[in-house]
Structures are given as C-alpha cells and as structure tokens.
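Listed below are the residues making up each chain.
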Amino acid sequence: MKQKWIKKLIRQRFAAILILVFQVAFFFWFVISGTRYFPYLAVVLFGLSFLVLLHIASSRIKGAFKLAWTYLICVVPLFGGIVYLIATFQSPVRRFRKTSIRITDAARTLYMLHGSSRAQAAKDYPHRETQMRYMEQRLGFPVYTDTEAEYYPWGMPFFKALLAELETAEKYIFLEFFIVQEGVMWNSILDILTKKAAQGVEVRVMYDDIGCFMLLPSDYCAELARRGIQAQLFNPLKTAVAVNLNNRDHRKIVSIDGRTAFTGGINLADEYINLIEKHGVWKDAGVKLTGSAAWSLTLLFLEMWELGKSMAAKTPAAVSREQFLPFFPQQAQGKSKSGYAIPYGDSPMDDENTGEHVYMQLITVAKNYIYITTPYLILDDSVISALILAAKSGVDVRIITPHIADKWFVHVTTRSFYRELIAGGIKIYEFTDGFIHAKTLVSDDDAAVVGTTNFDFRSLYLHFECGVILYGTPAAAAVKKDFLDTVPQCIQITEQACRGNVFIRTLQSVLRLFAPLM
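The text that follows walks through the structure, step by step, so that each part is easy to find. Quick caveat, the model's predicted, so the values are computed rather than measured.

Parameters and conventions
- Residues numbered from 1 in each chain as written.
- Predicted model: local features only at pLDDT ≥ 70, side-chain atom pairs only at ≥ 80, totals over all residues.
- Heavy atoms only, no water.
- Helix = DSSP H or I, 4+ residues; strand = E, 2+ residues; numbered from the N terminus.
- Buried < 20%, exposed > 50% of the residue type's maximum accessible area, 1.4 Å probe, protein only.
- Contact = heavy atoms within 4.5 Å.
- Areas by Shrake-Rupley, 256 points an atom, 1.4 Å probe, with all protein chains shown as cover.
- Pairing = 2+ DSSP bridges.
- Right-handed = clockwise from strand over helix to strand, strands pointing away.
- Core = buried A, V, L, I, M, F, W, Y, C linked by side-chain atoms within 4.5 Å.
- Phe/Tyr/Trp six-rings, centres within 6.5 Å; stacked < 30°, edge-to-face > 60°.
- Salt bridge = Lys/Arg side-chain N within 4 Å of Asp/Glu carboxyl O.

Some points on the overall build of the protein chain
Move 1: Secondary structure assignment for the protein chain yields 18 helices and 17 strands.
Move 2: When burial is assessed residue by residue, the protein chain has 56% of its 518 residues classed as buried.
Move 3: Sequence separation of at least 24 residues holds for 83% of the intrachain contacts in the protein chain that already meet a minimum separation of 6.
Move 4: In the form shown here, the protein chain has an accessible surface area of approximately 22,100 Å², with 61% of it arising from carbon and sulfur atoms.

Concerning the pairing of strand 3 (residues 202-208)
Move 1: Most of strand 3 is tucked away, with 6 of its 7 residues classed as buried.
Move 2: The pairing of strand 2 (residues 172-177) with strand 3 spans 6 bridges and is classified as parallel. Paired with Phe174 across the strands is Arg204, a residue of strand 3.
Move 3: Crossover handedness for the path strand 2 to helix 9 (residues 184-198) to strand 3: right-handed.
Move 4: Bridge count between strand 3 and strand 4 (residues 230-234): 5 bridges; the pairing is parallel.

A look at the environment of Pro375
Move 1: Structurally, Pro375 is set in the loop between strand 10 (369-373) and helix 13 (381-392).
Move 2: Linking Pro375 and Ala438, residues 63 residues apart in sequence, is a C-alpha distance of 6.9 Å.

Quick look at the environment of Cys498
Move 1: If you trace the backbone, Cys498 turns up in the loop between strand 17 (490-493) and helix 18 (502-513).
Move 2: A relative accessible area of 9% places Cys498 in the buried class.
Move 3: Each C-alpha atom of the pair Cys498 and Tyr418 lies 6.9 Å from the other, and the pair is 80 residues apart in sequence.
Move 4: Setting aside its immediate chain neighbours within four residues, Cys498 contacts Tyr418, Arg419, Ile422 and Ile493.

Some thoughts on the nonpolar core
Move 1: Counting residues in each nonpolar core, the largest one holds 147 residues, and the members touching the most others are Leu175, Trp186, Ile189 and Leu193.
Move 2: Those residues in contact with Leu175 that lie beyond four places of it in its chain are Trp186, Ile189, Leu193, Arg204, Val205, Met206, Ile253, Val254, Leu268 and Phe301.
Move 3: Counting 6 residues, the second largest nonpolar core, distinct from the first, contains Val52, Ile56, Ile73 and Tyr84.

Points about the packing of aromatic side chains
Move 1: This structure, assessed with the given rule, holds 20 aromatic pairs.
Move 2: Residues Tyr111 and Phe141 carry aromatic rings whose centres are separated by 5.2 Å and whose planes lie at 85° to one another, so their mutual orientation is edge-to-face. One end of the pair, Tyr111, is in the loop between helix 5 (91-107) and helix 6 (118-124); the other, Phe141, is in the loop between helix 7 (129-138) and strand 1 (147-152), with 30 residues separating them in the sequence.
Move 3: Judged by its relative accessible area of 3%, Tyr111 falls in the buried class.

What to know about the pattern of salt bridges
Move 1: A complete count under the given rule lists 22 salt bridges for this structure.
Move 2: Taking the shortest distance from any N to any O, the salt bridge between Arg128 and Asp446 comes out at 2.6 Å. Taken as a pair, Arg128 in the loop between helix 6 and helix 7 and Asp446 in the loop between strand 14 (440-443) and strand 15 (447-451) lie far apart in primary sequence, 318 residues in all. Pair check on accessibility: Arg128 and Asp446 agree, each one buried.
Move 3: In this structure, the salt-bridge partner of Asp406 is Lys407, at a minimum N-O distance of 3.1 Å.
Move 4: Put simply, Arg102, Glu306 and Arg321 are held in one network by salt bridges that share partners.

Below you can see the structure in the form of structure tokens.
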C-alpha cells in the first residue's frame, strides 16, 4: 500500500515540478527570442534592470538581499530586472501578505487575555527590560509568569513527554509541524490523536507541504479526516510559479487544551528521536510550557490555521479564538519562583524580523557569555558585527554547528563564515557525532531562547517561525548545561582548519554572495 502511494506521489510531484520548470524555461526562451526579433526589447529590458537597481538601492530591505539582487542583475541584466519585479510584485504574494497581516492584527489583543507580568519581570531583570518592552508593546507578545518550562536536550525525552501530555487532553489538541513522516514517532502520536478524536476532543493537524514533499501521500489530509482529525496543508505546491512558495511554515507547535504547549526544533519523524540514522546521531532540543504562557503558542497555531484556510478558500475564514482560552487564576504578583517566559512568533510578511531581533537583543546586552547551537550559520552583516563586537568586548561567544552536513552546499556556505568569526574571537565547534538541529541561545545564566529559528537567511527572513524567551527559569540553566555537555562531543575549528583550497574558497565566496536568495 505504501509503495502504491509513493509511486503516485512521485508522479504528482514530478508533474508539478515539470510544469514549473517548463514555465521558467518558456519565460527565458520568450525573452531571448523577443530580443532576437525585436532588438529594441533588449534596450527596454536593460533600462528596466537599471531602474530596478535604483529601486533596490533606495529600498529598506536587508543589505545582504540588496547585494545579492544587485549582483544577480549585473550578471544577467537582460533577465534580472524583470525577475525581481515578478518576485516582488506578484499578485499571489501581495494577497498572501495582506491576508497574513490582517489575521495577525485581528489576534493581537487576544494575547493579553491572561494579563502580563512585565512590570515585575523588569524589576527582577532590569537589564532585560528593553527586550521585554519590545516584545510586548511593539509585537504584542506578553511576559508570563506562573508557567513551568521544561527543557529537553534530546528528541526521545521530548517525544515521551509529548505522548504523556497528549493522553491528558480534554478539549482540544493542535499540532503544527514542518515535517511529518510515517514511522514510530508519528504513528504513536496518531494513535492517540485518533483515540482522542473519538472521545470528542477537537484535534487539528497542520503540516507544511514542502517540508513533507515526498514524505506523505497527497491525500493524507483526507486520511486524517476519516479518523476524525481536522487537517490541512500549509501553502501547498502549485503548478503556477509563485514566489510565496518560498515562505514555509517552519514552526513546531503542540497545544493541549491551551494549558500545555511544546515547541523547539524537533519534527515528527524517526530520525529526530534516533530510531533511524540519517546523518549520524541527531541532536535536537525542545521545550514544554505548562501554564498561562501556553496560550500564546495556541494563538500562533490558530493564526496559521486561519491563514491556511483563507489562502486555500480564497476567502476570509471565520475563526473564533476566544473559545479556546483556558481559565487561569490572575497571574501572581511579586518575584516569580519559576521565572518568566515570552512565547513569540515570527512572520516573513510583516518586515519586523522578530527572530533576528530576539537574538540581537540578547547578544548586544550580554556581559559574560553567549552560547549558540544552530544547524546552519549563514549570517547578515549586522549579526556578524554584533557577535564579533561582543567577543572583542570580553564576552565568551561560542557556537556549535554540525560536522556532518544534511545539505552540502549549505554546509559549505556555513563554513565560509568561520574565518571571519574566529578571527573576531569567537569559538566555533562542530558536533562530530552527527547532525545538531537544535536552535538555542543562552546568555549570562538568566536568559535563553529555544525555538525553531536557525541562524540563516531562510529562517530569519523568509519562514514562519516561533520560539520562547526564558528569563530566570530552571530551563534556561538546563540550556546552558546542555551546551557545555555537548562541547566535549565536538571539535573546535581553528583558522588553519577552515582555510581550504582555492577551489573551496572560490565556491564559498560565490555561495555566500547568493546565500540570501537560496
């Protein structure tokens, strides 16, 4: 049965890709043929590229994106300008952005339904007040207390905790993941979801179509519906070229009755719990929130659910969110024994770059150390400057990346940043046992981030992401311990080791140049 749907899926995916490739090829053929028979068309296209370059120079996009587009247009001026216009001003892209912003704005006030503990948190951690104020006043993500945060340094304990919590669901279960794949992990979860749906619990599952590109049958949503589970694909692959296919749902969220929520880097596939070996030992991380902070992750799910429904139906989806609000007593006053948490979401549609700002604020105020784990290290100049300035100011800056690559060209690009960072005083380590997929940052014993955002352009600027900032929680201390426990399983990279040969250095320079457009 599985072989049958895999063959069907391959045929469908191959047909869609073939149609997309044909459209791109036809576009280039049309332009080349047109300029051959109408020489003045080439002059028009060159002029258009020049005007686009002027527009890019005056725009407010990130400098790395400006450079990448500028080089691309200079290399292929006949096509570059029109490609940029298509990528930027397509009707589906504008509609996608407009719908996303509308949904986010409609939900903004609901985040504060449990109140906020920002005033007390700012007294307890005054050097973190600027970040708290930005997250709450600018973005609408409140500071919560009365929330227990538990950190999981590996996929298997995360998985076991998730199974136990799913069994307790009484009202609803929401799951949102980039990757879902049949196997021990997902099938164990699916059995519980099916049982809970039969008991009257509302179960919703959303997964990203590109993330599950060759992993699930094309009619899998219908299969889940037969089990009583509401399901939808996010931003499914279409046969028409649309740049918003670049904007993937990279979030990992589980909400159970709005009282317990999970997030982190762990997807629902067996390599994440090391039941199968894909790139050696798979090192990942996640966090569980029990208490009022789970509401923010619940709302983030509901926003994405509404966005997916609206885009699929091409009409606004009627969504009620307040009905899912769990009751909690008023948040306690006075110093919190459990610390504070700020769950947050990041959208590529609002130009706010929330994930980058969360990391940057923690980097710029660090006094003693910054420890980072990330599978990819492809950075904007502003992040590089902040990390190097911290290191030059006496802050112990360390970064762990994988030694075994999952995508060779991304790994080569990641290593192209090593020389500059090491020269700036930053210690770079590579996890030698396999692939480290965790996305964490911990600083100065009182602040940590666990989430889905990699230190690369795609996560920071193109994907929908989420995470949790933790202040003064035992979980923040656990993130630090996990980092220090992982260092002995790594090799430290030296300047000498990352020089490479002429071919590698040239390839890295080219890949790094176009990294923002990958």
